[in-house]
Amino acid sequence: MRLIALEVNGFKSFADPQKLTFPVGMTAVVGPNGCGKSNISDSLAWVLGEQRATLLRGTEMADVIFAGTGQRRPMGLAEVKLTLEMPDPALPGSTREVVISRRLYRDTGSEYRINGRECRLKDVQDLLMDTGMGTRAYSFIQQGQIDLILSTKPKDRRSLLEEAAGITRYKVRRTDAERRLEETRANLLRLDDILFELN
Ligand code: ATP
């Protein structure tokens, strides 16, 4: 899994469309205070589906849309596109490029796309599961969080290790299957009741 490029338009301080590329070996972004470094990591978390405005340093989701300056009017739309290199499940050992995008208008919810095709947030989450790139994974470690990881409960630490080991996907599927089995059991019980009433 590797970041290839990030395109931002109308996201926080990025009023004009900008494209950042991440060549192999790039490990840091530097710049003066307030130039937008954290806005870049916010845009990465956002395009991957972050739902918590506070973790994006705002109070509501619309705060990510360019709010205007003395010289420039606010914008009505924020859009971020992320190009990733991911393992190709169809061809083990090889990789493919995947483009994930998210768009938000001031008065509507978010729209997600994978390779240009509209999709649900869940599709983005499923795609990223076990890659270490999800918003709940360990790819975003904010200031002060390292202490938290070291001192957090063993159960929370275990979930980080499970994500790294690639078993989260199977745990989520198991929980999903157990829920459906439970629903089916309840339906069967109801069916028995109806059959009993009819006989
Ligand atoms: P530091 O090094 O101090 O942490 P930084 O480079 O990480 O700074 P950011 O926090 O990414 O800087 O950017 C802060 C700038 O982004 C501020 O000037 C702020 O006004 C601007 N900004 C944040 N949200 C918006 C928005 N919705 N619209 C316009 N500008 C915004």
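Residues numbered from 1 in each chain as written. Predicted model: local features only at pLDDT ≥ 70, side-chain atom pairs only at ≥ 80, totals over all residues.

As recorded in an unreviewed UniProt entry, the protein goes by Chromosome partition protein Smc and comes from Mesoterricola sediminis.

Peer 1: Tell me about the overall build of the protein, and name the residues and values.
Peer 2: Within the protein, the regular secondary structure consists of five helices and six strands. Its helices and strands taken in sequence order, the protein reads β-β-α-β-β-β-β-α-α-α-α from the N to the C terminus. Taking the principal axes of the C-alpha coordinates as reference, the protein spans close to 80 × 40 × 40 Å. In the protein, buried positions account for 19% of the 199 residues. (Helix = DSSP H or I, 4+ residues; strand = E, 2+ residues; numbered from the N terminus. Buried ≥ 20, exposed ≤ 12 C-beta atoms within 10 Å, placed from the backbone.)

Peer 1: Report on the site of the ligand, specifying residues and quantitative values.
Peer 2: The immediate surroundings of the ligand are formed by 14 residues, with Asn 33, Lys 37, Ser 38, Asn 39 and Ala 67 found nearest. A class-by-class count of the residues in the shell around the ligand yields four nonpolar, seven polar and three charged. (Near = placed C-beta within 6 Å. Nonpolar A, V, L, I, M, F, W, Y, C, P; charged D, E, K, R; others polar.)

Peer 1: Help me get a handle on unusual backbone geometry, residues and values and all.
Peer 2: One non-glycine residue, Arg 57, lies in positive phi territory at about 65°. Looking at where Arg 57 falls in the secondary structure, it is placed in the loop between helix 1 (37–47) and strand 3 (77–87). A positive phi angle is found at Asn 115, which is not glycine, with a value near 50°. Within the element layout of this structure, Asn 115 appears in the loop between strand 5 (110–114) and strand 6 (117–119).

Peer 1: Give me the lowdown on the pairing of strand 3, citing residues and values where you can.
Peer 2: Judged from the seven bridges that link them, strand 1 (residues 2–9) and strand 3 form a sheet pairing that is antiparallel. Paired with Glu 7 across the two strands is Lys 81, which belongs to strand 3. Here strand 3 runs beside strand 4 (residues 95–105); their pairing, made up of 11 bridges, is antiparallel. Note on strand 4: the bridge partner recorded for Thr 83 is Val 99. (Pairing = 2+ DSSP bridges.)

Peer 1: Before we move on, can you summarise the UniProt feature "binding site: ATP" (unreviewed entry) in the protein with the specific residues and values?
Peer 2: UniProt records the feature "binding site: ATP" (unreviewed entry) for Pro 32, Asn 33, Gly 34, Cys 35, Gly 36, Lys 37, Ser 38 and Asn 39 in the present numbering. Inspection of the secondary structure puts Ser 38 in helix 1. Since 16 C-beta atoms lie within 10 Å of it, Ser 38 is described here as partly exposed. (UniProt positions renumbered as here; feature names shortened; annotations may be inferred.)

Peer 1: Which residues make up helix 1, and what values do they have?
Peer 2: For helix 1, the complete set of buried residues consists of Ile 40, Asp 42, Ser 43, Trp 46 and Val 47. Seen from one end, helix 1 has its buried residues packed into an arc of 165°, which puts them on one side. A positive phi of about 110° marks Gly 49, the residue just after helix 1. (Arc of directions from axis to C-beta.)

Peer 1: I'd love a proper account of the confidence of the model for the protein, names of residues and values included.
Peer 2: On average, residues of the protein score 89 in pLDDT, and 94% of them are at 70 or above. Prediction confidence for the complex, expressed as pTM and ipTM, is 0.79 and 0.95 respectively. (pLDDT = per-residue confidence, 0-100.)

Peer 1: Describe the environment of Val 124, and please don't skip the residues or the numbers.
Peer 2: Tracing the backbone shows Val 124 in helix 2 (residues 121–128). Its 21 C-beta neighbours within 10 Å are what place Val 124 among the buried residues. Considered as a pair, Val 124 and Arg 102 are 22 residues apart in the sequence and their alpha carbons are 10.0 Å apart. Setting aside anything within four residues of it in sequence, one finds Val 124 in contact with Leu 48, Gly 49, Ile 100, Tyr 112, Ile 114 and Cys 119. (Contact = placed C-beta atoms within 7 Å.)

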